[in-house]
Amino acid sequence: MADVAIVSAGQSVFTRSCGESIRELAFEAFKEALEGLDITTGDIDASIICSAPEYDKQRSPAGLISEYLELTPKPSFYVETVCSSSSTGLRVAWSLVKSGLHKMVAVIGFQKMSELSSRDAAERMGRGADIIWESPFGLTMPAGYAMYAQAHMDKYGTTEEHLAKVRVKNSHYGATNPKATYRKELSLEDILNSEVITSPLKKFDCCANADGSSCIIVARGDVAKGITDKPIWIVGLGAATDTMTMAGRELLTGLKCAQEAARQAYKMARLKPQDIDVAEVHDCFTVSEILAYEDLGFAKPGEGVGLIEDKETYADGTIPVNVDGGLLSKGHPIGATGGSQIRTIVRQLRGEATEAQVKGAEIGLVHNIGGIGQYGNVTILRR
Ligand SMILES: CC(C)(COP(=O)(O)OP(=O)(O)OC[C@H]1O[C@@H](n2cnc3c(N)ncnc32)[C@H](O)[C@@H]1OP(=O)(O)O)[C@@H](O)C(=O)NCCC(=O)NCCS
């Protein structure tokens, strides 16, 4: 069966409020992805539209966006796993191309969150947890991850300072990313003194809601080689689902869905954690990045804080992580986030990152989590 490659990746600027309709927002990423490619919209066989529902008023956005991007009459459909929707979209695109059904597929993620107040967005996001047994009792996303933070602190002695150091790093790199919502470097004191959201997480331990879009174009290997001299190969894919209820989880010091997705992706790619040159991980909260270090095998359980303490996840460290600023700086427009992470790794592997470029990066990993830690997606890319 044919190999599958990414031929191009684009994203809009991520912002608190874009002032555009969702179709115009999707166009921003699509336009960047098509720039410099000698193809037309007619060459794209299918489009996969990814977002979390109910943040804007439009129902069935796949039809609307495919019409606006002139992708009709080719098939277009909707994929959703909350915050990991566009990584799931990439997995579906890979399957469609690998099966021989299509030769080129566009994965377009978007989210327009600014139509809702921060309070309504938190309630809407809470519906990504169990709406009968858990979210009505206050289980918002920050509250769920605060439980993970508390469990990690209790078991391994992790401190609020350790968590804050993740945001120090990510704000440092976010300051160089022209597409990030927040481009201001934050000090340890700024973070530790920010308002408590849900203890132990403070405002700057949290990512912010944002508007944004992303677009990844995937093609059959031979087609990809005809379009670009820098195809980026999809060599490992992993996906897993944990219980939706927090009460059903066996583990609170790591995400089982991420551990399982990582195991599958490394196996498919025949690679180990030590082989990864650069990674994008789902830092929806500072603690999430520490959990990711451990779930991906970059550190042993309980030893993730050592990586941030020793600056090993900075661009010149042993395993650079989120050197585009991560969700913490870029903002987290739910359906667009996975595609934005993939775009960063594509640019890193092509040596085209305008932010911090990791020298000689050949293999990159994307870790994208959906909901309150129930959907895990890990993708490994190679140049
Ligand atoms: C942390 C949080 C509760 C703050 O919400 P809030 O107190 O209602 O804040 P608002 O959204 O009203 O913003 C108030 C100000 O703080 C800023 N701000 C909000 N969150 C921020 C963050 N994480 N980092 C930096 N600044 C932030 C806003 O830009 C705004 O500044 P401005 O008035 O100059 O524009 C909210 O950002 C949040 O819920 N984040 C988590 C999102 C989430 O769960 N995503 C899914 C993860 S799986």
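Residues numbered from 1 in each chain as written. Predicted model: local features only at pLDDT ≥ 70, side-chain atom pairs only at ≥ 80, totals over all residues. Heavy atoms only, no water.

Participant: Lay out the site of the ligand with the relevant residues and their values.
Facilitator: For the ligand, the set of nearby residues contains 19 residues, the closest of which are Arg16, Ser118, Tyr182, Lys203 and Cys206. Arginine 16 places a side-chain nitrogen or oxygen 2.6 Å from an oxygen atom of the ligand. Between cysteine 206 and the ligand, the recorded distance is 2.5 Å, taken from a backbone N or O atom to a nitrogen atom. Surface burial for the ligand is 71%, taken as the share of its 920 Å² of free accessible area covered by protein chains. (Near = heavy atom within 4 Å. Polar contact = N/O pair within 3.5 Å; in protein donor to acceptor, adjacent residues only side chain to side chain. Areas by Shrake-Rupley, 256 points an atom, 1.4 Å probe, with all protein chains shown as cover.)

Participant: Tell me about the sheet that holds strand β2 (residues 46–50), residues and numbers included.
Facilitator: Across the sheet, which stays open at both edges, the nine strands sit in the order β3-β2-β4-β7-β1-β8-β11-β10-β9 with mixed pairing between neighbours. The strands lining the two open edges of the sheet, one partner per strand, are β3 (76–79) and β9 (278–280). Neighbour-to-neighbour, the strand axes of this sheet turn through a mean angle of 25 degrees, independent of strand direction. By the bridge criterion, eight bridges tie strand β8 (residues 232–241) to strand β11 (residues 375–382) in an arrangement that is antiparallel. Within β11, the position partnered with isoleucine 234 by the bridge is leucine 381. Where helix α2 (residues 61–68) meets the sheet, its contacts fall on β2, β3 and β4 (104–112), and the angle it forms with β3 comes to roughly 135 degrees. (Pairing = 2+ DSSP bridges. Helix = DSSP H or I, 4+ residues; strand = E, 2+ residues; numbered from the N terminus. Axes fitted to C-alpha atoms, helices over the stretch in contact; angles between N-to-C directions. Contact = heavy atoms within 4.5 Å.)

Participant: Kindly report on the environment of aspartate 275, identifying the contributing residues and their values.
Facilitator: Positionally, aspartate 275 belongs in the loop between α9 (256–269) and β9. As a C-alpha pair, aspartate 275 and glycine 364 span 89 residues in sequence and 8.9 Å in three-dimensional space. Only 2.6 Å separates the side chain of aspartate 275 from the backbone nitrogen of lysine 272, close enough to count as a polar contact.

Participant: Before we move on, could you go through the environment of phenylalanine 110 and cite the residues and values that matter?
Facilitator: Considering the arrangement of structural elements, one finds phenylalanine 110 in strand β4. Judged by its relative accessible area of 1%, phenylalanine 110 falls in the buried class. Counting along the chain gives 48 residues from phenylalanine 110 to alanine 62, while the straight-line C-alpha distance between them is 11 Å. Setting aside residues up to four positions removed in sequence, phenylalanine 110 forms contacts with Ile22, Ile49, Cys50, Ser51, Asp56, Pro61, Ile65, Gly212, Ser213, Gly335 and Ala336. (Buried < 20%, exposed > 50% of the residue type's maximum accessible area, 1.4 Å probe, protein only.)

Participant: So what about helix α3 (residues 85–98)? Which residues, and what values?
Facilitator: Compared with an ideal rise of 1.5 Å per residue, which puts 14 residues at 20 Å, α3 spans 20 Å between its outermost C-alpha atoms and is within 8% of the ideal. Extensive coverage of α3 is indicated by the burial of 11 of its 14 residues. Taken together, the buried positions of α3 are Ser85, Ser86, Ser87, Thr88, Gly89, Leu90, Ala93, Trp94, Leu96, Val97 and Lys98. Positive backbone phi, at 90 degrees, marks glycine 100, one or two positions downstream of α3. (Expected span 1.5 Å × (residues − 1).)

Participant: Residues and numbers for the packing of aromatic side chains, please.
Facilitator: Under the definition given, this model contains four aromatic pairs. Each residue in the set Tyr145, Tyr148 and Phe285 is aromatic and connected to the rest through ring pairs, giving one cluster. Stacked on the ring of tyrosine 314, the Lys or Arg lysine 311 has its end atom at 5.0 Å from the ring centre. (Phe/Tyr/Trp six-rings, centres within 6.5 Å; stacked < 30°, edge-to-face > 60°. Lys NZ or Arg CZ within 6 Å of the ring centre and 35° of its normal.)

Participant: Which residues make up the packing of helix α6 (residues 160–174) against helix α10 (residues 286–295), and what values go with them?
Facilitator: Remark: α6 packs on α10, axes separated minimally by 8 Å, with the N-to-C direction vectors making an angle of 95 degrees. By the angle class used here, α6 and α10 are roughly perpendicular. Of the residues in α10, those touching α6 at Leu163, Val166, Arg167, Lys169 and Asn170 are Thr286, Val287, Glu289, Ile290 and Tyr293. (Parallel < 35°, antiparallel > 145°, perpendicular 65-115°, else oblique.)

Participant: Before we move on, could you go through helix α13 (residues 334–349) and cite the residues and values that matter?
Facilitator: If you check α13, its first and last C-alpha atoms are 24 Å apart, about what 16 residues at 1.5 Å a residue would give, namely 22 Å. Taken across its 16 residues, α13 has 16 buried, putting it largely inside the fold.

Participant: Describe in detail the pairing of strand β1 (residues 4–11), supporting the description with residues and values.
Facilitator: With eight of eight residues buried, β1 lies mostly within the body of the structure. As paired elements, β1 and strand β7 (residues 211–220) share seven bridges and run antiparallel to each other. Within β7, the position partnered with glycine 10 by the bridge is cysteine 215. The pairing of β1 with β8 spans two bridges and is classified as antiparallel. Paired with alanine 5 across the two strands is tryptophan 233, which belongs to β8.

Participant: So, the side chain of lysine 179: which residues are in play, and what are the values?
Facilitator: With respect to the helices and strands, the residue lysine 179 is situated in the loop between α6 and α7 (188–192). Residue lysine 179 is classed as buried on the basis of its relative accessible area of 16%. Side-chain polar atoms of lysine 179 contact the backbone oxygen of glutamine 11, separated by 2.8 Å. Polar contacts involving the side chain of lysine 179 include one to the side chain of glutamate 32, which spans 2.7 Å. If sequence neighbours within four positions are ignored, lysine 179 has contacts with Gln11, Ser12, Val13, Phe14, Glu32 and Arg343.

Participant: Describe the nonpolar core, with residues and values.
Facilitator: With 59 residues, the main nonpolar core has Tyr145, Ile276, Leu296, Phe298 and Ile380 as its most contacted residues. The contact partners of leucine 296, leaving out residues within four places of it in the chain, are Ala262, Tyr266, Pro273, Val281, Leu365, His367 and Val378. Formed by 33 residues, the second largest nonpolar core is a distinct cluster that contains Ile48, Val107, Leu349 and Ala356. (Core = buried A, V, L, I, M, F, W, Y, C linked by side-chain atoms within 4.5 Å.)

Participant: So what's going on with the side chain of asparagine 377? Residues and values would help.
Facilitator: In this structure, asparagine 377 sits in strand β11. Reaching out from asparagine 377, the side chain makes a polar contact with the side chain of serine 84 at a distance of 3.2 Å. Ignoring sequence-local partners within four residues, the contact set of asparagine 377 consists of Thr81, Ser84, Ser87, Thr88, Gly238, Ala239, Ala261, Val366, His367 and Asn368.

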